[in-house]
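Read off the chains here:
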Amino acid sequence: MRGNSPVQVIGGAPRRLRILGRPLSRLATARSPEAGLKAAHFNKPWLAALLVAPQLLILLFFFFIPSYKALSLAFVQVDPFGGLQIFVGLKNFQTLLASPEYRSSALFTLWFTLFQNIATLGLAGLFAFATDFVIRGRAIYKSIILMPYAIAPVISGVLWAFLFNPAVGPIAQFLHSLGIAWDPNRRPFDAQILVTIASIWKNVCYDYIFLVAALLAVPASLLEAAKLDGAGPVRRFFTISLPLVSPTVFFLVVMNFVYGLFETFGIIAAVTRGGPAGATNSLVYKVYQDGFVQLDLGSSAAQSVILMIVAVLFTVLQFRALERKVNYQV
């Protein structure tokens, strides 16, 4: 053998040493980190197009076409029967921004979204934290919390409207017995509270699912070490568990914001229908009222465009302000 060359003379003929059936010289070539990744290759392009076609059709008919239609109608005035369109430029937007009714609706949507976001996360975090301390009946405990997830928003709205009905509702009767003049049909603040409670009850189970799954992923060794150091359950939760589940909390903050802006339509329609006196007329419900009830399609389209811009801006701001504080390392 000469030098460091992996050559062995066997029977008078030089042969390279083989390790695991491959020449040693081939092992000297470093493999890239991506070499072990599985690559999917479609020999038939039509197969890949066929697999993504259902999702593309859903996006086309339920996102791109409605978005284009809303943008096109936002700059015109349309008669109620859609037979005549007049281009008015930015007049629809100017009228909206100068409307006290629209500003009142925007203000209600803002505080409603913020309050239900904080309250939903707080209650879901409390229920998720208490899950580990429920020994008997844990399955029943989880089922009760997750039950609202299986109920349609309209049904949950009807349920809470009955419970707080000033004439026959049991909770309303209890409030009356305490001397509280509860009447969401006449008092705007009572109606806002009722809509907020119904929305929190409907969405808290969604946050609970994610928080329970995130808390189960927290390393038990860290919790045991903190317990040995004398940290109580509450301190372990805030100093260990909560920082480790911060990515999940950040995701839920964004999703709760989207829920408050767009997905409370069914609850508002079933409980208050935007009343009394427009006190619960959120931005998404006002789009429906102006477009399908009052048949002001231009104004309704302009409102939908503004609502989408607001949602995008707030989502970007949340990523800028909160994501840097999120810890993705365990």
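First things first, this report covers the structure right here in the doc. (Residues numbered from 1 in each chain as written. Predicted model: local features only at pLDDT ≥ 70, side-chain atom pairs only at ≥ 80, totals over all residues. Heavy atoms only, no water.)

**Concerning the overall build of the protein**
Step number 1: If you tally the helices and strands in the protein, you get 14 helices and six strands.
Step number 2: Across the 330 residues that make up the protein, the buried fraction comes to 34%.
Step number 3: Summarising the internal contacts of the protein: among those between residues at least 6 apart in sequence, 61% fall at separations of at least 24.
Step number 4: In the structure as shown, the protein presents an accessible area of about 21000 Å², 68% of it carried by carbon and sulfur atoms. (Helix = DSSP H or I, 4+ residues; strand = E, 2+ residues; numbered from the N terminus. Buried < 20%, exposed > 50% of the residue type's maximum accessible area, 1.4 Å probe, protein only. Contact = heavy atoms within 4.5 Å. Areas by Shrake-Rupley, 256 points an atom, 1.4 Å probe, with all protein chains shown as cover.)

**Brief notes about the environment of Pro153**
Step number 1: Relative to the helices and strands, Pro153 is located in helix α6 (residues 153–163).
Step number 2: Judged by relative accessible area, which is 32%, Pro153 ranks as partly exposed.
Step number 3: Remark: the alpha-carbon pair of Pro153 and Glu263, spanning 110 residues in sequence, is separated by 8.6 Å.
Step number 4: Filtering out sequence-adjacent residues up to four positions away, Pro153 remains in contact with Lys202, Gly266 and Ile267.

**A word on the pattern of salt bridges**
Step number 1: All chains considered together, the criterion is met by four salt bridges.
Step number 2: Between Asp183 and Arg186 there is a salt bridge whose closest N-O contact spans 3.8 Å.
Step number 3: For Lys286, the salt bridge goes to Asp290, with nearest N and O atoms at 3.3 Å. Of this pair, Lys286 and Asp290 both sit in helix α13 (residues 283–293), four residues apart, which is roughly one turn of that helix. (Salt bridge = Lys/Arg side-chain N within 4 Å of Asp/Glu carboxyl O.)

**Some details on unusual backbone geometry**
Step number 1: Along the chain, Gly275 connects to Pro276 via a cis peptide bond; the corresponding omega equals -5 degrees.
Step number 2: For Pro276, the location among the structural elements is in the loop between α12 (265–271) and α13.
Step number 3: Phi at Arg273 takes a positive value of approximately 55 degrees, unusual for a residue other than glycine.
Step number 4: Examined against the element boundaries, Arg273 turns out to sit in the loop between α12 and α13.
Step number 5: Backbone geometry places Leu295, a non-glycine residue, at a positive phi of 60 degrees.
Step number 6: Residue position: Leu295 is located in the loop between α13 and α14 (297–322).

**Quick notes on the environment of Pro276**
Step number 1: Of the residues examined, Pro276 reaches a relative accessible area of 14% and is grouped as buried.
Step number 2: Between the alpha carbons of Pro276 and Arg186 there is a distance of 6.0 Å; along the sequence they are 90 residues apart.
Step number 3: Once you skip the residues sitting within four places of it in the chain, Pro276 turns out to touch Pro184, Asn185, Arg186, Arg187, Pro188 and Ala191.

Structural measurements only, silent on function.
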